[in-house]
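Okay, here's what each chain looks like letter by letter:
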Amino acid sequence: MIVLVTGAAGFIGSHLCDELLKKGYNVIGLDDFCTGNKDNITHLINNNLFKLVKHDIIQPISFQVDQIYNLACPASPDYYLFNPVKTIKASVIGTINVLEIAKQENARILQASTSEVYGDPEKHPQKEDYLGRVNTVGPRSCYDEGKRVAESLMINYHKQYKVDIRIARIFNTYGPRMATNDGRVISNFICQALKDESITIYGNGEQTRSFCYISDLITGIIKIMEQREIIGPINLGKPDEISVIELAHMILELTNSKSKIVFEERPEGDPMRRKPDISFAKERINWNPVVDLKEGLKRTIQYFENILPNKKE
Ligand code: UDP
């Protein structure tokens, strides 16, 4: 089995490569390192089953492969807002390029989609048949609309060319190897708490998210890929909803931090509530995330404690 993982040096991509290598697959990890981090994959460099290719998926490329996981895209709001045009190109042109490989090679392909396809949802929790509320000209559109086009490309390559596709809609995920500087709430709060710096809550902190630990997510992604005949998107996330302010207090407690909470302006287009309905994943792939938020946060805090240079003594 030869598997191509695009975005292999990213947070999710690197954990996915680890699991696929454990299964004994040959893995080609592709990344252009625009947001990926070589530290996430240095431990794989001497693995004979792993091959790293530095390449921007916006440029066409071909490989002989059996499966493709398409994860290449800047994925945190700070990252994608920094280069919105590259972001939308990664989802649109990048997805066309990997679909062409899948078509050529008769390979199965999984698209990493996102809960952002639901936008700022009026329906709660979000089920796969909810069509979303996305602003085509809003600040997040480069990511949201890019991923929506990627889903559309997947389904249309399936209809027209019989490409064997899978779509995973990934909700907020956290764990070791999250980038320290990508602006996400869990990495921001943990880094701030470990340095006794102010915890920055955007808005009043009543907005909610539902956080899934990385190992649970990886199990789900691989299950979707390996299940026969699932066409159509599947939500992957942990439905335990928590407000941003509750999360801040939990991280303060777990880190024993002296940080103060400060309130800053809430970014435009920031969704108010988000929680996946995962009944489809439970039923079709027998997937149920098991890592409890406190336990996952402890493991993530330990990771940041090891890598932060200026943490308090
Ligand atoms: N957030 C926050 N402080 C931070 C970073 C994020 O209050 O330092 C909030 C952000 O406004 C959002 C939530 O936390 O409501 C989750 O943000 P994140 O960027 O992690 O993910 P996304 O908005 O893409 O779900």
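Up top is the structure.
Conventions adopted
- Residues numbered from 1 in each chain as written.
- Predicted model: local features only at pLDDT ≥ 70, side-chain atom pairs only at ≥ 80, totals over all residues.
- Heavy atoms only, no water.
- Salt bridge = Lys/Arg side-chain N within 4 Å of Asp/Glu carboxyl O.
- Axes fitted to C-alpha atoms, helices over the stretch in contact; angles between N-to-C directions.
- Helix = DSSP H or I, 4+ residues; strand = E, 2+ residues; numbered from the N terminus.
- Parallel < 35°, antiparallel > 145°, perpendicular 65-115°, else oblique.
- Left-handed = near helix turned anticlockwise from the far one by under 90°.
- Contact = heavy atoms within 4.5 Å.
- Near = heavy atom within 4 Å.
- Polar contact = N/O pair within 3.5 Å; in protein donor to acceptor, adjacent residues only side chain to side chain.
- Nonpolar A, V, L, I, M, F, W, Y, C, P; charged D, E, K, R; others polar.
- Expected span 1.5 Å × (residues − 1).
- Bend = angle between axes of the 7 residues up to and from the residue.
- Buried < 20%, exposed > 50% of the residue type's maximum accessible area, 1.4 Å probe, protein only.
- Lys, Arg positive; Asp, Glu negative; His and termini not counted.

*Asks:* Describe the pattern of salt bridges, with residues and values.
*Replies:* Pairs can form between side chains of opposite charge whenever their charged atoms are close. Summed over the entire model, instances satisfying the criterion amount to 22 salt bridges. With its nearest N and O atoms 3.6 Å apart, the salt bridge here joins Lys 38 to Asp 39.

*Asks:* Outline the packing of helix α5 (residues 185–194) against helix α9 (residues 293–307), listing residues and values.
*Replies:* At a closest axis distance of 10 Å, the pairing of α5 and α9 adopts a crossing angle of 60°. The orientation of α5 relative to α9 falls into the category oblique. Judged by the twist between their axes, the crossing of α5 over α9 is right-handed. Judged by residue contacts, Ile 186, Ser 187, Ile 190, Cys 191 and Leu 194 of α5 engage Leu 297, Thr 300, Ile 301, Phe 304 and Glu 305 from α9.

*Asks:* Please provide a residue-by-residue account of the site of the ligand, values included.
*Replies:* Around the ligand there are 18 residues in total, and Asn 188, Thr 200, Arg 209, Asp 270 and Arg 274 lie nearest to it. Within the contact set of the ligand, an oxygen atom lies 2.9 Å away from a side-chain nitrogen or oxygen of Asn 172. A distance of 2.7 Å separates an oxygen atom of the ligand from a polar side-chain atom of Arg 209. Those elements that provide at least two residues to the shell around the ligand are α5 and β8 (199–202). Across the shell around the ligand, the residue classes break down as seven nonpolar, five polar and six charged.

*Asks:* Give a description of the environment of Glu 253 that names residues and reports values.
*Replies:* You can see Glu 253 is positioned in helix α7 (residues 244–255). It is 40 Å that separates the C-alpha atoms of Glu 253 and Glu 151, two residues lying 102 residues apart in sequence.

*Asks:* Requested: an account of helix α3 (residues 84–105), with residues and values cited.
*Replies:* Between its first and last C-alpha, α3 extends 31 Å over 22 residues, near the 32 Å set by a 1.5 Å rise per residue. Its maximal kink placed at Ala 90, α3 deviates by approximately 30°. Listed in full, the buried residues belonging to α3 are Lys 86, Thr 87, Ala 90, Ser 91, Gly 94, Thr 95, Asn 97, Val 98, Leu 99, Ile 101 and Ala 102. Along its buried surface, α3 packs onto β1 (2–6), β4 (67–70), α2 (77–82), β5 (108–114), α4 (141–161) and β6 (165–170).

*Asks:* Give a detailed account of α7, specifying residues and quantitative values.
*Replies:* Counted at 1.5 Å a residue, the expected span for α7 with its twelve residues is 16 Å, and the 16 Å between its end C-alpha atoms agrees. Among all positions of α7, only Val 244, Leu 247, Ala 248, Met 250, Ile 251, Leu 252 and Thr 255 are buried. Check the buried side of α7 and you find it contacts α5, β8, β12 (241–243), β13 (261–264) and α9.

*Asks:* Can you lay out the side chain of Asp 216 for me, pointing to particular residues and giving the numbers?
*Replies:* Turning to its location among the elements, Asp 216 is positioned in helix α6 (residues 214–226). No salt bridge is formed by the buried Asp 216; its nearest oppositely charged neighbour, Lys 238, is found at 6.2 Å. With near-sequence residues (within four places) excluded, Asp 216 lies in contact with Trp 287, Pro 289, Val 290 and Val 291.

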